[in-house]
Amino acid sequence: MIGRLNHVAIAVPDLAAASALYRDTLGATVSEPVDQPEHGVTTVFIDLPNTKIELLGALGADSPIGKFLARNPDGGIHHLCYEVDDILAARDSLKAAGARVLGSGEPRPGAHGKPVLFLHPKDFNGTLVELEQA
Ligand SMILES: C[C@@H](C(=O)O)C(=O)SCCNC(=O)CCNC(=O)[C@H](O)C(C)(C)COP(=O)(O)OP(=O)(O)OC[C@H]1O[C@@H](n2cnc3c(N)ncnc32)[C@H](O)[C@@H]1OP(=O)(O)O
Ligand SMILES: [Co+2]
């Protein structure tokens, strides 16, 4: 069911500092920050030859990464995003297998404008999983 690794997301306390670290110290190609008000985060994408890194900064008072950053003040790996060919079929078979789909359960446009869903980290070995329609 799952296909390519679309991105690895890292929650960071300071998006400008993290962007500079990837651009200047690691020598990567780093995008400008984009607010994602529907998701409560600001994203910066780093293009690597085989996948992307998504730097996440908190946006707004009730950001979904707020508690994570409180627990991990230096930041940390927040989720993995896998591409799927049919996100509704993937959701339904995962639900049937007992996995918890977060939020309303309806896919919403993600950072790339394609539908995304999140799966509970406790159901996937302590790793928050994002699915993105390929
Ligand atoms: C723009 C878009 C895109 O790329 O297209 C994005 O990525 S938006 C990316 C931001 N959006 C999201 O993350 C949306 C989905 N996330 C959520 O619904 C939530 O953040 C949850 C994952 C359900 C966590 O909720 P909340 O922070 O309220 O729960 P909590 O702090 O009480 O944590 C409950 C338990 O889950 C664990 N936990 C929480 N977040 C975790 C994470 N990212 N990875 C692994 N474990 C995690 C906690 O340690 C805790 O375990 P213990 O009980 O053992 O202590
Ligand atoms: Co993501």
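Quantities reported herein were computed from a predicted structural model and do not represent experimental measurements.

Conventions we followed
Residues numbered from 1 in each chain as written. Chains lettered and ligands numbered in written order. Predicted model: local features only at pLDDT ≥ 70, side-chain atom pairs only at ≥ 80, totals over all residues. Heavy atoms only, no water. Donors = N, O, S within 2.8 Å, 3.2 Å for Na, K, Ca; no water. Tetrahedral: all angles 85-135°; square planar, octahedral: opposite > 155°, others 65-115°. Helix = DSSP H or I, 4+ residues; strand = E, 2+ residues; numbered from the N terminus. Buried < 20%, exposed > 50% of the residue type's maximum accessible area, 1.4 Å probe, protein only. Salt bridge = Lys/Arg side-chain N within 4 Å of Asp/Glu carboxyl O. Contact = heavy atoms within 4.5 Å. Core = buried A, V, L, I, M, F, W, Y, C linked by side-chain atoms within 4.5 Å. Near = heavy atom within 4 Å. Polar contact = N/O pair within 3.5 Å; in protein donor to acceptor, adjacent residues only side chain to side chain. Areas by Shrake-Rupley, 256 points an atom, 1.4 Å probe, with all protein chains shown as cover. UniProt positions renumbered as here; feature names shortened; annotations may be inferred.

Enquirer: Explanation requested: the coordination of the cobalt ion (ligand 2) in the structure shown.
Expert: Within the protein, His7 (NE2), Glu54 (OE), His79 (NE2) and Glu130 (OE) serve as the donor atoms for the cobalt ion (ligand 2), at 2.1 to 2.3 Å. Coordination at the cobalt ion (ligand 2) is octahedral, judged from the six donor atoms that bind it and the angles of 74 to 170 degrees they form at the metal. Read in sequence order, the donor residues for the cobalt ion (ligand 2) give the motif H-x46-E-x24-H-x50-E. Taken together, the positions of Glu54 in strand β5 (residues 52–58) and Glu130 in strand β9 (residues 128–133) put the pair 76 residues apart, joining distant regions of the chain. Since its relative accessible area comes to 5%, Glu54 is described here as buried.

Enquirer: I keep staring at the pattern of salt bridges and nothing clicks. Help me out?
Expert: Note that side chains of opposite charge can pair when their charged atoms are close. A complete count under the given rule lists three salt bridges for this structure. Between Glu106 and Arg91 there is a salt bridge; the shortest N-O distance is 3.2 Å. With Glu106 in the loop between α3 (87–96) and β7 (108–109) and Arg91 in helix α3, the pair connects residues that are 15 residues apart, well separated along the chain. Accessibility expressed as a relative area gives 11% for Arg91, which makes it buried. For the salt bridge of Arg100 with Asp123, the shortest nitrogen-to-oxygen distance reads 2.9 Å. Of this pair, Arg100 sits in the loop between α3 and β7 while Asp123 sits in the loop between β8 (115–119) and β9, placing them 23 residues apart in sequence. With a relative accessible area of 42%, Arg100 lands in the partly exposed category.

Enquirer: When you look at the environment of Thr29 in this model, what are you seeing that I'm missing?
Expert: Along the chain, Thr29 turns up in strand β2 (residues 29–30). Distance in space between the C-alpha atoms of Thr29 and Asp47 is 5.7 Å, their sequence separation being 18 residues. Once you skip the residues sitting within four places of it in the chain, Thr29 turns out to touch Phe45, Ile46 and Asp47.

Enquirer: Looking at this model, I keep getting lost on the nonpolar core. Mind explaining?
Expert: In a soluble, globular protein the nonpolar side chains are often hidden away together inside. One finds Val8, Ile10, Val12, Leu15, Ala18, Tyr22, Ala28, Val30, Val44, Ile46, Ile53 and Leu55 forming the largest nonpolar core, which totals 12 residues. Mapped onto this core, the elements with two or more residues apiece are β1 (2–11), α1 (15–25), β4 (41–47) and β5. Per-element tally for this core: the top contributor is α1, with three residues. Dropping the residues within four chain positions of it, Tyr22 is found in contact with Ile10, Gly27, Ala28, Val30, Ile46 and Leu55. Membership of the second largest hydrophobic core comes to 10 residues, among which are Val84, Ala90, Leu94 and Ala99.

Enquirer: Explain the site of ligand 1 to me, please; I cannot follow it from the model alone.
Expert: Near ligand 1 there are 19 residues, and of these Glu54, Lys67, Arg71, Ala111 and Lys122 occur at the shortest range. Contact between ligand 1 and His7: an oxygen atom at 3.2 Å from a side-chain N or O atom of the residue. Its free accessible area being 1100 Å², ligand 1 has 72% of it covered by the protein chains. Every element with two or more residues in the shell around ligand 1 is listed here: α2 (66–71), β6 (76–84) and β9. Here the element with the most residues in the shell around ligand 1 is α2; it accounts for three residues.

Enquirer: In this structure, what is going on with the UniProt feature "domain: VOC" (unreviewed entry) in the protein? I would like to understand it.
Expert: Under the local residue numbering, the UniProt record ascribes the feature "domain: VOC" (unreviewed entry) to residues 4–134. The distance from the first to the last C-alpha atom of residues 4–134 is 9 Å, and the span holds 21% helix and 37% strand.

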